[in-house]
Amino acid sequence: MPEPMENAAMVYEWDSKLEKGIATMDAVHREFVERVDRALRAPDEELASALQELVAHTHEHFERENRWMEECGFPPIMIHRGEHQRVLEAMEETLRRARGGELAPARQLVEQLPAWFEQHAATMDNALAMHMRHTGHPETTEASNALE
């Protein structure tokens, strides 16, 4: 079995293409990117801790989006919520394994998260942001005022 490799060369930085125009959503997404980047850069002895912080952030991140979907009556809520649940389950299982010393799955997960997140943000989160604006969800007020 190969040794888990440290991947200090891989970085994940915020890109404006991830912005949805809703200040709270954009701030949470920026923090997600920062946490993924920290996990990507973490040496082996800090990987489980970085992953734990990422998992805790992601729980809050997804709970907030799930609440917004309920509040604005987002039609594909079950699909979006199901995606959140699948990702959290994978993250939690990977964290459990990392705490037990299995670092290779944790490295693999954090290396895959940027591509997953960019796709998720471009599709599911974009649709949610558009629906929130369409229904006048309170989270859109600040962003709407900033655009005027």
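Residues numbered from 1 in each chain as written. Predicted model: local features only at pLDDT ≥ 70, side-chain atom pairs only at ≥ 80, totals over all residues. Heavy atoms only, no water.

*Asks:* Just checking my understanding: could you explain the overall build of the chain for this structure?
*Replies:* What the chain contains, in helices and strands, is five helices and zero strands. Mapped in sequence order, the helices and strands of the chain form the string α-α-α-α-α. Expressed as a percentage of its 148 residues, the buried residues of the chain come to 43%. Of the roughly 8,000 Å² of accessible surface on the chain, a fraction of 50% belongs to carbon and sulfur atoms. (Helix = DSSP H or I, 4+ residues; strand = E, 2+ residues; numbered from the N terminus. Buried < 20%, exposed > 50% of the residue type's maximum accessible area, 1.4 Å probe, protein only. Areas by Shrake-Rupley, 256 points an atom, 1.4 Å probe, with all protein chains shown as cover.)

*Asks:* Please explain the nonpolar core as it appears in this structure.
*Replies:* For soluble globular proteins, nonpolar side chains are generally found buried alongside one another. In this structure, Leu51, Leu54, Leu113 and Phe117 are the most contacted members of the largest nonpolar core, which totals 29 residues. The set of elements that each furnish at least two residues to this core consists of helix 1 (23–41), helix 2 (44–72), helix 3 (77–99) and helix 4 (104–135). In contact with Leu113, other than residues within four places in its own chain, are Phe32, Val36, Leu54 and Met91. Counting ten residues, the second largest nonpolar core, distinct from the first, contains Ile22, Met25, Leu128 and Met132. (Core = buried A, V, L, I, M, F, W, Y, C linked by side-chain atoms within 4.5 Å. Contact = heavy atoms within 4.5 Å.)

*Asks:* Explanation requested: the side chain of His120 in the structure shown.
*Replies:* By secondary structure assignment, the location of His120 is in helix 4. Classification of His120 as buried rests on a relative accessible area of 3%.

*Asks:* Just to check I follow, could you spell out the pattern of salt bridges for this structure?
*Replies:* Pairing is possible between side chains of opposite charge, provided their charged atoms come close. Under the counting rule described, the total for this entry stands at twelve salt bridges. A network of salt bridges, in which partner residues are shared, links Glu31, Arg35, Arg38 and Glu53. (Salt bridge = Lys/Arg side-chain N within 4 Å of Asp/Glu carboxyl O.)

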